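# Topology and contacts: notes
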4 protein chains.
Amino acid sequence: MVVRCGVIGLGYWGPNLVRNISASSATQLVGICDQDAAKCEALRRQYAAPVVTYDPHDLFNSPMIDALFIATPVATHYSLALSALRSGKHVFVEKPLTSDVAQAEHLVSEAERLGLTLMVDHVFVYNPAVQKIRELISTNMLGQILYYDSVRVNLGLFQHDVSVIWDLIVHDLSIVDYIIDERPTAVLTNARAHVIGQPENIAYMTCIFASQMIAHFHVNWLAPVKVRRTLVGGSRRMIVYDDLEPDEKIKVYDRGVDITQAEPDQIGLQFGYRLGDMFAPMLRRTEALKTAVEHFAECVRTGTSPITDGQCGLRTVRLLEAASRSAQNGGSAVAVGA
Amino acid sequence: MVVRCGVIGLGYWGPNLVRNISASSATQLVGICDQDAAKCEALRRQYAAPVVTYDPHDLFNSPMIDALFIATPVATHYSLALSALRSGKHVFVEKPLTSDVAQAEHLVSEAERLGLTLMVDHVFVYNPAVQKIRELISTNMLGQILYYDSVRVNLGLFQHDVSVIWDLIVHDLSIVDYIIDERPTAVLTNARAHVIGQPENIAYMTCIFASQMIAHFHVNWLAPVKVRRTLVGGSRRMIVYDDLEPDEKIKVYDRGVDITQAEPDQIGLQFGYRLGDMFAPMLRRTEALKTAVEHFAECVRTGTSPITDGQCGLRTVRLLEAASRSAQNGGSAVAVGA
Amino acid sequence: MVVRCGVIGLGYWGPNLVRNISASSATQLVGICDQDAAKCEALRRQYAAPVVTYDPHDLFNSPMIDALFIATPVATHYSLALSALRSGKHVFVEKPLTSDVAQAEHLVSEAERLGLTLMVDHVFVYNPAVQKIRELISTNMLGQILYYDSVRVNLGLFQHDVSVIWDLIVHDLSIVDYIIDERPTAVLTNARAHVIGQPENIAYMTCIFASQMIAHFHVNWLAPVKVRRTLVGGSRRMIVYDDLEPDEKIKVYDRGVDITQAEPDQIGLQFGYRLGDMFAPMLRRTEALKTAVEHFAECVRTGTSPITDGQCGLRTVRLLEAASRSAQNGGSAVAVGA
Amino acid sequence: MVVRCGVIGLGYWGPNLVRNISASSATQLVGICDQDAAKCEALRRQYAAPVVTYDPHDLFNSPMIDALFIATPVATHYSLALSALRSGKHVFVEKPLTSDVAQAEHLVSEAERLGLTLMVDHVFVYNPAVQKIRELISTNMLGQILYYDSVRVNLGLFQHDVSVIWDLIVHDLSIVDYIIDERPTAVLTNARAHVIGQPENIAYMTCIFASQMIAHFHVNWLAPVKVRRTLVGGSRRMIVYDDLEPDEKIKVYDRGVDITQAEPDQIGLQFGYRLGDMFAPMLRRTEALKTAVEHFAECVRTGTSPITDGQCGLRTVRLLEAASRSAQNGGSAVAVGA
């Protein structure tokens, strides 16, 4: 069964959804929708979509459509997704799932009640590099995880509707949720809005865990260069993940420290430090969004739950909400409930 | 007048002092001192030092010595520097100046009372790249400074006596003190000690200013790779400073944002964003420590105050103390007095 | 007038042509053709092409088509282009134009006789970085050009039908033809075929000019990494062009040498060497192939001659033929006629 | 037995010899010599050398000296080394050994006749990265060696006395001599002298072997940036060696090609191409010159022949002479005798 799809929102990300839906044999592009007629027209020129409309109800009501992809501004995710679910459509929503926790909870319960697939596009979870990191951690190659540190900065992609926290940190929260079993107990965030009338454009967020693990994210829309670099430190090995590297996105360093030993050794390195080779595993080249779209289609067909299901989206929104609260009160810790 | 010098402490940094003192025509190496006879012997082989001793008093009491360089563990800075001053010697102390604020205040007042030069080796202040950044800021090339962000991580140089905060963040605090006119009003720090029985090995510190400026430092002794990378964001231009680049340590990006404008433009970039050329100014190749040593000799000769004088060292110790306190109380803000 | 287009050959490059023809408002995709039905089908799924066929004659004979794009193996360029021209179609041919000089000469004369546009897809000529280099040279920013040095290596894109000379060096010859006014007088090439039964996979080619200019190309299909790096040395300034850099593809170094001065100076650099700043001009982001396709459409509409017209393609084939001859005789110089 | 050493020539490289001789317990610095009194004085300030002189005969005649290091301009190597040998001193000569083959042959025979150690400072042979490459080749990790390709370019170190061929290509010839068992049968070189009255500043040299191996070197004194990058291609694995990388100088790619197979496979890669992981072996951090100096001292003590003995220096001079001859006759092949 080919999943027949519609896409609502043809701005920055929507065309990527259209391209992948169109190219996959698991999905069929049936409808596209945007309030901006020029955007509809540009895609109509290139792709064969039977339904082109400015009104999402044309897609909600179409019997030719099984599933809807929502790639509109965050503030509209909730109502569009809710309408889609209530029209009996499976739903794939861009990240973050919603603007607040209450909305996310409601979508999750509605999808469950109606027996429909709800998936959030935490696209990095479907990235071959991130999947490799998860594999390395789960096979205990890294030992005990000590820290996750990410820098995700660039210039010029200001979002009007959400802060840099909701726009960029969501990626790291979704990655941490996927590769680490433990969940944060509290978060601390400092942020600044440097442009008058605009949301925060720079933020530093720390996640506290019950263990000694610490996670930290630096996100910034006003950086002179683009950086997408993550360090994952384990007691046995450590990873540098640079998403901008064309090859060798992941480098695994056979370096670590004996965290139970406190005696210096006599040959230079101290405290059981270990320096060794580095290796860079060959990664699949599959586009993450292709994997995500096909995973969604598979879940729709089989009724299984997506890796990044509504619950996963909800967990992430809960952390984003806590981060925003911390930023508003000057960076003090905000506990995160289960 | 050549300044006749003695060096106390021949561990990691001391030999660099000995080499520079020995090579400069402004200074003369008279004595070296370390409790470890092997370290004395290794340097005696290479350099012509008339006095080689395990006892600092031999240097305090030597009439052949004008100035002492102290490169011992931090906990000993105070008492050695105090003895040196009271012996009538000018003093050059490794960073950080002391272990706490009270000690630093006392050294400052003693040096002043005795009319002797007290300088702290905030060596990055004498780095050609940092001096170029200060020049670019002071000539308003960058516009209003929005943020200072630094990553200073590596593997394997654990210090026994101090945490990563006192070992590495001191560099960034001294740079910010030098290039920015404004002083922090509060600091927040999260840190973790992953090795049992050892001090903190990873820390994230945020400095709050009265303006919208924000400064953030990531320091880490347990990283798989060495990184020394600083972003300085201004409203007119932005800098990437990578101290590990052999050439092109500083890249100035003609990129910025109109921080008073909130209207999107119609051609892609939003809110007055501006993307432009990058340029990398040619830098002098002088070793920073050479400049520092010669600046100290000049101050001793002329009686002028060093750029990184005792007051400067004190300001930095005050921030380090506040950072440690914040780390101990889980990252909440600690105000910094004048 | 929109130029109505057909594409013959849907292998590696053909789909890029189809995508750009389809996306541009200057061109309209009318027909696609490949002997492999699966390739036709894959593109039919995504793009709306009225004519899909395995037989190029269907496109030659279609009155709905103004121009044909030929992206088939090199050995077939000549006969397909000739048939297309004789069917009255304008022709856009992948590089290199033909397999030998005689074929290229014939295509040029036929296109001229029939008054049709013949363009060869020397795609790097339409690359914003290469266009910027030409601008810098033509405004004398670089001074006298001393050398052009290019490395173009990677693993795994062996061509069955042509050697690495005809596959990769063609790019550099087309760039040199575009940015430098002078033409080579002789070429020398060393090459090796390391895989039994296959064409040369590594080659080093030197171009000699009447001036002291020298050009050299290293191409290699058996390299472990991908490199696309060109140095252009001028007496006043020098360029590093790295086509794999996402930003800053071109770096202009304010470095040079006074080529008429032979006296050493006294301050370190010798013979009028000059070290100065580097700058990286902001480049347009336009895809080169988009520019090429639209330039072709413009030439078809207006009857003007393309930048990379048949004569340009012929000049390049002449050099490729000489290079192959040099490689066959062990690397000795082969003169290149006008 | 500590080898008592003298150094003749204190220009660019001499001070590095002095530093290493001075620091090692296998050697003792007894004398230094340069016609330039300022250079003598600068080193006398730092190092304890009993004999400081402008006249090499003071060192030839000193009974306190066992071995002489010659770091003077190339044209003087022969006569100084010859005098040193005839004075009964062991000799360590900077690269290249001499200015021509006849001189090198004479030095080799004299050293043999007198039973003295003659070593040429092919310093890269003692570099941990090069030693690791030799190890990887000799244990057949790379399979059959297909090519060696090196780029060694920078700005501003023009030599007055020799061309870029004798200054820089000598490094690659010495590395190839060390890591590859086969010897070149012919060489081809193109070079240009862009500064009037100066030697060649850019050269491209190809080495032909009886097997299908090919070696190629690009050296350039007029490049805007410094590059030290070598590719070694094997049928089983390939190496990228970047000498400017602080860590990870060597990357070994598990990539290759089945050179006996000519059938394309069906899954994208052709002709038995193989893409796999990369690994970067941890390397020792020892300075190459330290290893070279201590190897020389060991050979002097034990009477064993150095790895880079006179014969090795002679082989390299023979290739340099052939390269210069090829450059003079426009790049045509010059056979290399045994």
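Summary of the structure given here. (Residues numbered from 1 in each chain as written. Chains lettered and ligands numbered in written order. Predicted model: local features only at pLDDT ≥ 70, side-chain atom pairs only at ≥ 80, totals over all residues. Heavy atoms only, no water.)

### Section: the packing of aromatic side chains
Defined as follows: The aromatic pairing rule takes the rings of Phe, Tyr and Trp, using the six-membered ring of Trp, and pairs them if the centres are within 6.5 Å, calling planes under 30 degrees apart stacked, those over 60 edge-to-face and the rest tilted. Secondary structure is summarised from DSSP: a helix means a run of H or I of at least four residues, a strand means a run of E of at least two, and numbering begins at the N terminus for each. Exposure categories follow from relative accessible area, calculated using a 1.4 Å probe and restricted to protein chains: below 20% of the type maximum is buried, above 50% is exposed, and the middle band is partly exposed. By definition here, charges over rings are those cases where NZ of Lys or CZ of Arg is within 6 Å of the ring centre and within 35 degrees of the ring normal.
As enumerated under the stated definition, the model contains 20 aromatic pairs over all chains in all. With a centroid separation of 5.3 Å and an interplanar angle of 70°, the aromatic rings of phenylalanine 92 of chain C and phenylalanine 296 of chain C are classed as edge-to-face. Note that phenylalanine 92 of chain C is positioned in strand S5 (residues 90-94) and phenylalanine 296 of chain C in helix H8 (residues 288-302), a separation of 204 residues in sequence. With respect to burial, phenylalanine 92 of chain C and phenylalanine 296 of chain C carry one shared label: buried. The interplanar angle of 40° and the centroid separation of 6.3 Å between the aromatic rings of tyrosine 12 of chain D and tryptophan 13 of chain D together place this pair among those described as tilted. Here the aromatic residues Phe69, Phe92 and Phe296 of chain A are joined through ring pairs into a cluster of three or more. A cation over an aromatic ring shows up here: arginine 134 of chain D above the ring of tyrosine 178 of chain D, its NZ or CZ 4.7 Å from the ring centre. Taking the ring centre of phenylalanine 124 of chain D as reference, the NZ or CZ of arginine 152 of chain D above it sits at 4.7 Å.

### Thoughts on the environment of serine 138 of chain B
Within the fold, serine 138 of chain B resides in helix H6 (residues 128-138). Spatially, the C-alpha atom of serine 138 of chain B lies 30 Å from that of valine 91 of chain B, the residues being 47 residues apart in sequence.

### Comments concerning the interface of chain A and chain D
Interfaces are often described in size by the accessible area the parts lose on coming together. Filter applied, for reference: Residues are treated as being in contact if the distance between any of their heavy atoms lies within 4.5 Å. In short, buried area is how much 1.4 Å probe accessible area vanishes from two parts on joining, totalled over both. Definition used for salt bridges: Asp or Glu carboxyl oxygen within 4 Å of a side-chain nitrogen of Lys or Arg. We define a polar contact as two N or O atoms separated by no more than 3.5 Å, with the added condition that, inside protein, one atom must be a possible hydrogen donor and the other a possible acceptor, whereas residues neighbouring each other in sequence contribute only through side-chain atom pairs. By the convention adopted, Pro, Cys, Tyr, Trp, Phe, Met, Ile, Leu, Val and Ala count as nonpolar, Lys, Arg, Asp and Glu as charged, and the other residues, Gly among them, as polar. Two strands pair under a simple rule: DSSP has to find at least two bridges between them.
The partner chain D presents twelve residues to the twelve residues of chain A that form the contact. Both faces combined, the contact of chain A with chain D buries some 1,000 Å², and carbon together with sulfur accounts for 53% of it. For chain A, the biggest contributors to the area lost against chain D are Glu248, Met278 and Met282 of chain A; these three give 48% of the whole. Across the contact surface, chain A and chain D share two salt bridges. In this structure, lysine 251 of chain A engages glutamate 248 of chain D in a salt bridge whose closest nitrogen and oxygen atoms are separated by 4.0 Å. At the junction of chain A with chain D, the criterion picks out six residue pairs in polar contact (both at pLDDT 80 or more). If you list the elements that add at least two residues to the side of chain A that touches chain D, you get strand S13 (250-253) and strand S16 (278-280) of chain A. A class-by-class count of the residues in the side of chain A that touches chain D yields seven nonpolar, one polar and four charged. As judged from the three bridges shared by S16 of chain A and strand S14 (residues 278-280) of chain D, these two strands associate in the antiparallel manner. By the bridge assignment, methionine 278 of chain A is partnered in S14 of chain D with alanine 280 of chain D.

### Focus on the pattern of salt bridges
As enumerated under the stated definition, the model contains 72 salt bridges over all chains in all. For aspartate 36 of chain A, the salt bridge goes to lysine 39 of chain A, with nearest N and O atoms at 4.0 Å. The class of aspartate 36 of chain A is partly exposed, set by a relative accessible area of 31%. Arginine 152 of chain C is the salt-bridge partner of aspartate 172 of chain C, the closest N and O atoms lying 3.0 Å from each other. Of this pair, aspartate 172 of chain C sits in helix H7 (residues 164-179) while arginine 152 of chain C is found in strand S7 (residues 145-155), placing the two residues 20 residues apart along the sequence. In this pair, the class of aspartate 172 of chain C matches that of arginine 152 of chain C, namely buried. One connected set of salt bridges, linked through shared partners, spans Arg86, Glu110 and Arg113 of chain A.

### Focus on the sheet that holds strand S6 (residues 118-121) of chain B
Residues and elements named next belong to chain B. Stated formally: To define axes, lines are fitted to C-alpha atoms, for helices over the stretch in contact only, and angles between the resulting N-to-C directions are given on a 0 to 180 degree scale.
Within the open sheet, the six strands sit side by side as S3-S2-S1-S4-S5-S6. Their pairing is parallel. Strands at the two margins of the open sheet, each flanked by one partner only, are strand S3 (51-53) and S6. Along the sheet, successive strands turn relative to each other by an average axial angle of 20°, direction set aside. As defined by bridge partners, strand S1 (residues 3-8) adjoins strand S4 (residues 67-70) across four bridges and the pair is classed as parallel. When the bridges of S4 are listed, valine 7 appears paired with phenylalanine 69.

### Some thoughts on unusual backbone geometry
The omega torsion across lysine 95 of chain A and proline 96 of chain A is -10°, close enough to zero to call that bond cis. The residue proline 96 of chain A is located in the loop between strand S5 (90-94) and helix H5 (101-114) in this model. Phi is positive for glutamate 248 of chain B, close to 55°, though the residue is something other than glycine. When its relative accessible area of 14% is taken as the criterion, glutamate 248 of chain B is described as buried.

### Concerning the packing of H6 of chain B against helix H7 (residues 164-179) of chain B
The description of two packed helices rests on the angle between their axes and on the distance between the axes. All names here are of chain B. The criterion, for reference: Each crossing gets its handedness from the near helix: less than a right angle anticlockwise from the far helix is left-handed, clockwise is right-handed.
Close contact between H6 and H7 brings their axes to 9 Å; oriented N to C, the two are set at 35°. Considering only the axes of H6 and H7, their crossing is right-handed. Contacts between H6 and H7 involve Val130, Gln131, Ile133, Arg134 and Ile137 on the former and, on the latter, Ile175, Tyr178 and Ile179. Its residues assigned to classes, the contact of H6 with H7 shows six nonpolar, one polar and one charged.

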